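Coordinate inspection notes
Here is how the chains run, residue by residue.
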Amino acid sequence: MNAFSRRGACPALSAPVQTGDGRLVRLNPVAGGLSPKSLLGLGESALRHGNGIMEVTARGSLQIRGLTPASARLLAVEVDAMGIAVRTGVPVETGPLAGLDPEEIADPRPLAERIRAAIEDAGLGQRLGPKVSVIVDGGGRLTMDAVSADVRLAAMRIDAGVQWLLAVAGDRQNATPLVMVEEDAARDIAVAILRMVAEKGREAHARDLSERQLTSLASWHSFAPAKNRLPLTAAPAPSPIGLFPLGGDATALGIGLPFGSMPAQKLIDLIRQALALGALEVRLAPGRALLFLGLQLSGCFSLRDAAAALGLVTDAADPRTRIAACPGAPACASGRIATRDIAETIAAENRDILDSSLTLHISGCAKGCAHPGPAALTLIGGENGAGLVVDGTAKALPAGYRPGYDAARGVGRIAAAIREARLRGDTTAACLTRLGAAGVAELYRQE
């Protein structure tokens, strides 16, 4: 297996990876955002050199799909000619409204830049695996709580000042808290964590550090995180879709991509509208969305209407935001079911059960690219059709099958049982628990 197709590799611009629909590149702008003209240029490049599909990932990265080895090189040349600087090395990520949100506890960008510089000075970029990452979260309305990382730094208000809570291996809810410190110490400890990970090899992550190592890191400074002062359970992930007042006349508009994907031509059409309305910058947001900056409020409303007409997501309650779906067939050669068609049908017919308690994953094959973790319900394409896994991942053995073209009807039967079993105040997840995994699988299999 070569470097381009190695499982787990990061598909950066300089090293695209082979997927079921050709090679894929992932772009993270150094500046955190892109000018509308640059994003327009990327859309045109995607049409010329890829299969015309562009994506924003759950972590807020831009992806261009369907490249060949030759066209990937041409794309890289065009990105360079457009003057788009993209990040390389260990990702050190901040929130999409970093430095702009009046509600954030601290601007995370200076600390993030200091960590990037320290990583480079220590030569860690070549020693760490491609999936090792750092998050520096300043708080505010669009936090990074739901994004997993090896090292997490979260701003906390302590008395009259700000300190940084360091945690390892996870998202806000399940990461292990280590210590709370000032900014200088936060940088030093973050880099020390990465050094320890690097010493274990390129396949290692922070989850592989021993209890002894974690204890030694926490003991560097005496201010350990007080559990009664720090909420370690994250609130539901905030949606990046909608209007976000930034103070004065400034407002950001968040527009979501259905299942994180859109045809490049639709992106081009949207960006042209944004340029005509005066947009100055577009930021990529975790949660598969684009944030438009620089618009007057009236311009935000006009662009939102244009996005809705293009079939994009303009309402945070849109049921499509509850579904993770990879490209599937026919877009991806590995896909065995038409994931996006199934997802659209389920969303249109079962809006009432797609609440915030439910994660529905539709995967064209057992790789589970769109949602590697467990989901309440997972549909998987395979030789026997569309298999159903209850409370598991796409790699699990399905409990039942039905033809791929009929998968949405099987989920519809589950939805009907949920409506019948629902009590006042019930979530969909609570109803699924009462129905039981075996009962849910039987409902899905029924003709």
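Residues numbered from 1 in each chain as written. Predicted model: local features only at pLDDT ≥ 70, side-chain atom pairs only at ≥ 80, totals over all residues. Heavy atoms only, no water.

Topic: the packing of aromatic side chains
Counted according to the given criterion, the structure contains 0 aromatic pairs. Over the ring of Tyr444 we find Arg402, and its NZ or CZ is 5.8 Å from the ring centre. (Phe/Tyr/Trp six-rings, centres within 6.5 Å; stacked < 30°, edge-to-face > 60°. Lys NZ or Arg CZ within 6 Å of the ring centre and 35° of its normal.)

Some words on the sheet that holds strand β3 (residues 33-34)
Pairing is antiparallel across the open sheet formed by 5 strands, whose spatial order is β3-β14-β15-β12-β11. Every interior strand has two partners, whereas the edge strands, β3 and β11 (242-247), have only one. Pairing between β3 and strand β14 (residues 281-285): 2 bridges, direction antiparallel. By the bridge assignment, Gly33 is partnered in β14 with Arg283. Running at roughly 5° to strand β12 (residues 250-256), helix α7 (residues 297-309) makes contact with β11, β12 and β15 (289-295) of the sheet. (Pairing = 2+ DSSP bridges. Helix = DSSP H or I, 4+ residues; strand = E, 2+ residues; numbered from the N terminus. Contact = heavy atoms within 4.5 Å. Axes fitted to C-alpha atoms, helices over the stretch in contact; angles between N-to-C directions.)

Quick notes on the sheet that holds strand β13 (residues 261-263)
Taken in spatial order, the 5 strands line up as β1-β2-β5-β4-β13 in an open sheet, and their pairing is antiparallel. At either margin of the open sheet sits one strand with a lone partner, and together these are β1 (17-19) and β13. Going across the sheet, the axis of each strand differs from the next one's by a mean of 30°, ignoring polarity. Bridge count for β1 against strand β2 (residues 22-27) is 3 bridges, and the pairing is antiparallel. Note on β2: the bridge partner recorded for Gln18 is Arg23. Against the sheet, helix α2 (residues 69-81) makes contact with β2 and β5 (62-67), and its axis sits at roughly 145° relative to β5, the strand it touches most.

Remarks on the confidence of the model for the chain
Residues with a pLDDT of 70 or more make up 94% of the chain, whose mean pLDDT is 89. Taken element by element, the chain is modelled with least confidence in β1, mean pLDDT 81, and with most confidence in α7, mean pLDDT 97. Residue range residues 226-232 is modelled with pLDDT below 50. Its contacts to residues more than four positions away, or to other chains, number 12 contacts. (pLDDT = per-residue confidence, 0-100.)

Considering helix α3 (residues 109-121)
Because the α-helix completes a turn every 3.6 residues, residues three or four places apart line up on one side. Spanning 13 residues, α3 covers 18 Å between terminal C-alpha atoms, matching the ideal 18 Å at 1.5 Å per step. Residues of α3 that are buried include every one of Leu111, Ala112, Ile115, Arg116, Ala118 and Ile119, and no others. Axial view of α3: buried residues confined to an arc of 165°, hence all on one face. With respect to the buried face of α3, the exposed residues turned more than 90 degrees away are Glu120 and Asp121. Just downstream of α3, Gly123 is the residue with a positive phi angle, here 65°. (Expected span 1.5 Å × (residues − 1). Buried < 20%, exposed > 50% of the residue type's maximum accessible area, 1.4 Å probe, protein only. Arc of directions from axis to C-beta.)

Here we look at the side chain of Arg141
Structurally, the position occupied by Arg141 is in the loop between β7 (134-137) and β8 (149-158). For Arg141, the side chain forms a polar contact with the main-chain oxygen of Pro245, separated by 2.5 Å. Contact partners of Arg141, with chain neighbours within four places excluded, come to Asp101, Pro102, Glu103, Pro238, Phe244, Pro245 and Leu246. (Polar contact = N/O pair within 3.5 Å; in protein donor to acceptor, adjacent residues only side chain to side chain.)

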